[in-house]
Each structure stands twice: as structure tokens, then as C-alpha cells.
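# An overview of the molecular structure
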Amino acid sequence: SAKSPSLSPPLPLSQRSRWAPPTLPTEPSLYDGPFPFYRRPAEEGRFSLDAQRRYHPDARQLRYFAPPPAEHPDPAFDLRHGYRDRYVRRDESEREGLEHLLQWVAGNRDRLRAQGDAAGRPVNADFVTWRGHLTKVLTTPYESQEGWLLAVSLFRGTLYVSEVETPAARQQREQRSDMLQELAYMGYKFERYMCADTPDGSPDPTGVVNTNEAFCTVVRTRLGSHSLLFAGEVDCMDPRGAWPEAPACYVELKTCKELHSPAQRKSFYRHKLIKWWAQSFLPGVSRIVAGFRAPDGSVAALETFETMKIFQLIRGDRGCWKPAVCMNFCEAFLAFLKRVVTEDDPQLVHLFAWEPGSPVSYTRHQGAEHVFLPAWYVETMSGGKRPD
């Protein structure tokens, strides 16, 4: 597995990029202003990863939303079924970085270049990254448990952002209890109960759960002055929904333990819903459907959250998170990256580190250890031969 980076302190000011501030504060009060401009996300493309984690430039892994006729499944879903004998787990020690997204970019480079860019960039976007990385940035002002580490390189006018596993996250992954692994399985099993392989089909919950498989949407949007191209995994699309166009037609599926009291629901809104909202708001996914599970692993109740109405649920809670704070911080973070990473060199990596209670800081690394843009991609996007 990839070597965990050493979190060295920030460089002396004399060695930092010119005019860049040393750190970026994360306190919510600093970003409590009007909601920034965020352009409606538009789907640029899609790709699939098969049962062997192989990349395909098509929608073969797309599944279709096929919920039960009522919000109380009868019989209840059994999310534990198949955990011991019908579960193929992706090797999480294999650090994929941006590899699959870069395969899509390289395969669509003519169209991406043809979109017209005054700077003559091969990819007409300020940032290329995964949606999950941006989700972590959005929730940072309110996160109190888990830090993050993001590697950033500027290559031919575009900033590429790729997550690096922190030592704490690696330890957590390697020491994950069987109970936590089963909880993860339940989330995937829920998808088997809610999705069909064809628009008119029915779910087959008895099938093998294989977490190598994925369908991803690639979207283009803009936050303030920053143009973004990012990919994110999508659970399914609703062929009969009110929003037929992608990405609004996509549905995110979640599981959560049953809520039995107003206090539990308040905690759910404060700590869980922020991540659900950020994950779906960024790519323009319109709905989140949650299955609330009992201690025995059964789901007897479903609840739908419309992404654009989630802020109405939290508005009355003064101590709760604010969507505008999340988006204003993300805009400030992207501006911070632009000010710090100014040398166009795929071999130069800036590591941006954040831990709860601290500002975002960064270190500068030249050399092979932290380089994350693959040689094949650099060659292809520099005018070399297209990879097979």
C-alpha cells in the first residue's frame, strides 16, 4: 500500500509561493455570509467500473431506482443477508487516486479542448478532482473528528486535487472491526433492494454485493470564479422521476440507524445530514432516499430528502450547520489553492493538511514520493500518443 506521508510543519515564508498566506482558517463564523454563486451542474460524461475494477467509458454499471410500492417495505429488507458468503470487497489498500477520472479526461480530451479556453489549456477547467474530496472540504468548518490531506499539482493550467490517506485514516481502515465492516455491507445491500438492472426491472436482493462495481457521473460547474470538473459515484437513476435529465435524475441511497426521539433526529440533522447534503448538492443529485435500520439489520421505513429542501429542515436550529458557510469556505479554499500552487509542474506537489481545531496548512514537495499524476497522463495531455 502507498506510503503514508510525514506531516512536516509548513515551510518558512521565504520558501513559500509568493504572496500566498501561510494558512487558511476554518472557523464557521468567518464564512457566514450570503450563499455564493454556484452554477447548476451539467453532466459532461459518465463511466463505469466493472466487477474486476476495470474502467469502461460507458454507462454499463448504471442501475435504476425501483423502490417498494410503500415507504414501509413488507416484508422488511434484511440488510445482513449474504454478508458472509455473497460479498466481494474492493481492495481498499489499492490507492487509485485520480486514475479512473484521468482515463475519462484523456479519452475526451478533444472535446474538452474544443470547448474553448482563452488560456489554451488542454482541459478547460480550473480544477479536476473527485466529488468526495470536495465533500470533505465543504464539511470542514463543522467537522470535529476526521482530518484530511489533499495533494495538489498544477499541470498545463489546471489544478488537480487528489486525496492522500492520513496515517489516522489508514490505521482506522486496517483495524476496522467486523461490526463496522458489516455496517458498510448493509449500505451496499440496501442498494440491491432498491435498484434494478433495467428501467422496467425489479430488484434482485439475492445477488452478490461486489464493491468493485461503480457507475460515475462527470460534471462541470462553477463556484464563484472557479470552474470545476469532477466525477462522483452515483447509486442509480430514476427513470420515472420528476427530473428526467442528468444529473438531477440521479438518486443517492443511504442507510441510518432508526431515530426514536426528537433529540436523535436533531443529532442526525446536525452531524449526518450535512455530509449527505454536501455529497448530493455538489453534483446536482436531486434526491436522497434513506433506509432506517433496526438493530437486527432490517429496514422497515424509508424517507426521502430533496437535496434543495434540506436547508429548510435545519433552519430553526441555531446551533446547526449552514449550507452557505460550507460553500463560502470551499470557495475560499479553492482561491487559497490558486494563490499557493502557481508553478506549472506535475512533479511538484503541494500537500494541504487539515486537522480539527486547526487552520489548513501546506507543505511543498518536489520529487517522486508524492507525485500523483501518472506519466501516461502527462504524456497524453502534452500531445503524446493516446494510451490504448
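Attention in this report is confined to the structure presented alongside it. Bear in mind that the values here come from a model prediction, so they are computed numbers and not experimental data. (Residues numbered from 1 in each chain as written. Predicted model: local features only at pLDDT ≥ 70, side-chain atom pairs only at ≥ 80, totals over all residues. Heavy atoms only, no water.)

### What about the packing of aromatic side chains?
Summed over all chains, the structure comprises 29 aromatic pairs. Where F77 meets Y193, the ring centres are 4.4 Å apart and the plane angle is 15°; that geometry is what we call stacked. One end of the pair, F77, is in strand 4 (residues 77-78); the other, Y193, is in helix 5 (residues 178-194), and 116 residues separate them in sequence. For the residue pair F77 and Y193, the accessibility class agrees, reading buried in each case. Geometrically, the ring pair formed by W148 and W354 is tilted, given 6.0 Å between the ring centres and 35° between the ring planes. Of this pair, W148 sits in strand 7 (residues 148-155) while W354 sits in strand 17 (residues 348-354), placing them 206 residues apart in sequence. For the pair W148 and W354, one class covers both residues: buried. Taken together, the aromatic side chains of Y31, W148, F329, F333, F336, F352, W354 and Y362 make up a single cluster linked through ring pairs. (Phe/Tyr/Trp six-rings, centres within 6.5 Å; stacked < 30°, edge-to-face > 60°. Helix = DSSP H or I, 4+ residues; strand = E, 2+ residues; numbered from the N terminus. Buried < 20%, exposed > 50% of the residue type's maximum accessible area, 1.4 Å probe, protein only.)

### What about the sheet that holds strand 6 (residues 127-130)?
Ordered by their spatial adjacency, nine strands build an open sheet running 2-1-11-12-6-8-7-17-18, and the pairing between neighbours is mixed. The strands lining the two open edges of the sheet, one partner per strand, are strand 2 (55-56) and strand 18 (361-366). Sheet topology places strand 1 (residues 42-49) next to strand 2; two bridges connect them, and they run antiparallel. By the bridge assignment for strand 2, S48 is matched with H56. In this fold helix 3 (residues 131-139) packs onto strand 6, strand 7, strand 8 (158-163) and strand 12 (226-233), with an angle of close to 90° to the strand it touches most, strand 6. (Pairing = 2+ DSSP bridges. Contact = heavy atoms within 4.5 Å. Axes fitted to C-alpha atoms, helices over the stretch in contact; angles between N-to-C directions.)

### Regarding the environment of R222
Structurally, R222 is set in strand 11 (residues 214-223). Under the relative-accessibility criterion, R222 is labelled partly exposed at 28%. When the C-alpha positions of R222 and D126 are compared, they lie 9.3 Å apart, and in sequence the two are 96 residues distant. Contacts of R222, omitting those with residues within four sequence positions, involve F37, Y38, R39 and S227.

### A closer look at the pairing of strand 7
For a regular strand, the rule is simple: side chains alternate between the two faces of the sheet. The element strand 7 is extensively covered by neighbouring structure, given that eight of its eight residues are classed as buried. Neither face of strand 7 is open: one carries W148, L150, V152 and L154, the other L149, A151, S153 and F155, and all of them are buried. Where strand 7 and strand 17 come together, five bridges link them in antiparallel fashion. The residue bridging V152 from the neighbouring strand is H350, located in strand 17. Sheet topology places strand 7 next to strand 8; six bridges connect them, and they run antiparallel. Paired with L154 across the two strands is L159, which belongs to strand 8. What sits between the antiparallel neighbours strand 7 and strand 8 is a turn of two residues, in which R156 has the positive phi angle 50°.

### Describing the nonpolar core
W277, F305, W321, F333, F352 and V360 are the most contacted members of the largest nonpolar core, which totals 50 residues. Examining the composition of this core, we find that ten residues originate from one element, helix 8 (residues 323-340), more than from any other. What F305 contacts, discounting residues up to four positions off in sequence, is F268, Y269, L273, W276, S286, R287, I288, A290, F292, I310 and L313. Membership of the second largest hydrophobic core comes to 32 residues, among which are L49, L112, A214 and V349. (Core = buried A, V, L, I, M, F, W, Y, C linked by side-chain atoms within 4.5 Å.)

### So, the pattern of salt bridges
With the rule as written, the count across this model stands at 27 salt bridges. Here R176 and E92 are joined by a salt bridge, their closest N and O atoms 3.3 Å apart. Here the residue R176 occupies a position in the loop between helix 4 (167-174) and helix 5, and E92 occupies one in the loop between strand 5 (87-88) and helix 1 (99-107), the gap between them amounting to 84 residues. A salt bridge links D110 to R113; the nearest nitrogen and oxygen atoms lie 3.8 Å apart. Remark: R113 and D110 occur in helix 2 (residues 109-114); sequence separation between them is three residues, near one turn of the helix. Judged by its relative accessible area of 39%, R113 is partly exposed. In this structure, a network of salt bridges that share partners links the residues E44, R111 and R220. (Salt bridge = Lys/Arg side-chain N within 4 Å of Asp/Glu carboxyl O.)

### Considerations on the side chain of S280
Here S280 lies in helix 6 (residues 262-281). Residue classification places S280 among the buried residues on the basis of a relative accessible area of 0%. Leaving out residues up to four positions away in the same chain, S280 has contacts with E252, V285, I288 and T307.

### A short note on the pairing of strand 18
With six bridges joining them, strand 17 and strand 18 adopt antiparallel strand pairing. From the neighbouring strand, V349 faces strand 18, where its bridge partner is H365. Connecting strand 17 to the next strand, strand 18, in antiparallel fashion are six residues, including G357 with a positive phi near 90°.

### Points about the packing of helix 3 against helix 6
Close contact between helix 3 and helix 6 brings their axes to 9 Å; oriented N to C, the two are set at 135°. Viewed along their axes, helix 3 and helix 6 adopt a mutual orientation that is oblique. Crossing hand, helix 3 versus helix 6: right-handed. From helix 3, R131, T135, L138 and T139 reach across to helix 6, where they touch I274, K275, W277, A278 and Q279. Looking at side-chain class alone, the contact of helix 3 with helix 6 contains four nonpolar, three polar and two charged residues. (Parallel < 35°, antiparallel > 145°, perpendicular 65-115°, else oblique. Left-handed = near helix turned anticlockwise from the far one by under 90°. Nonpolar A, V, L, I, M, F, W, Y, C, P; charged D, E, K, R; others polar.)

Taken by themselves, the reported measurements are silent on function.
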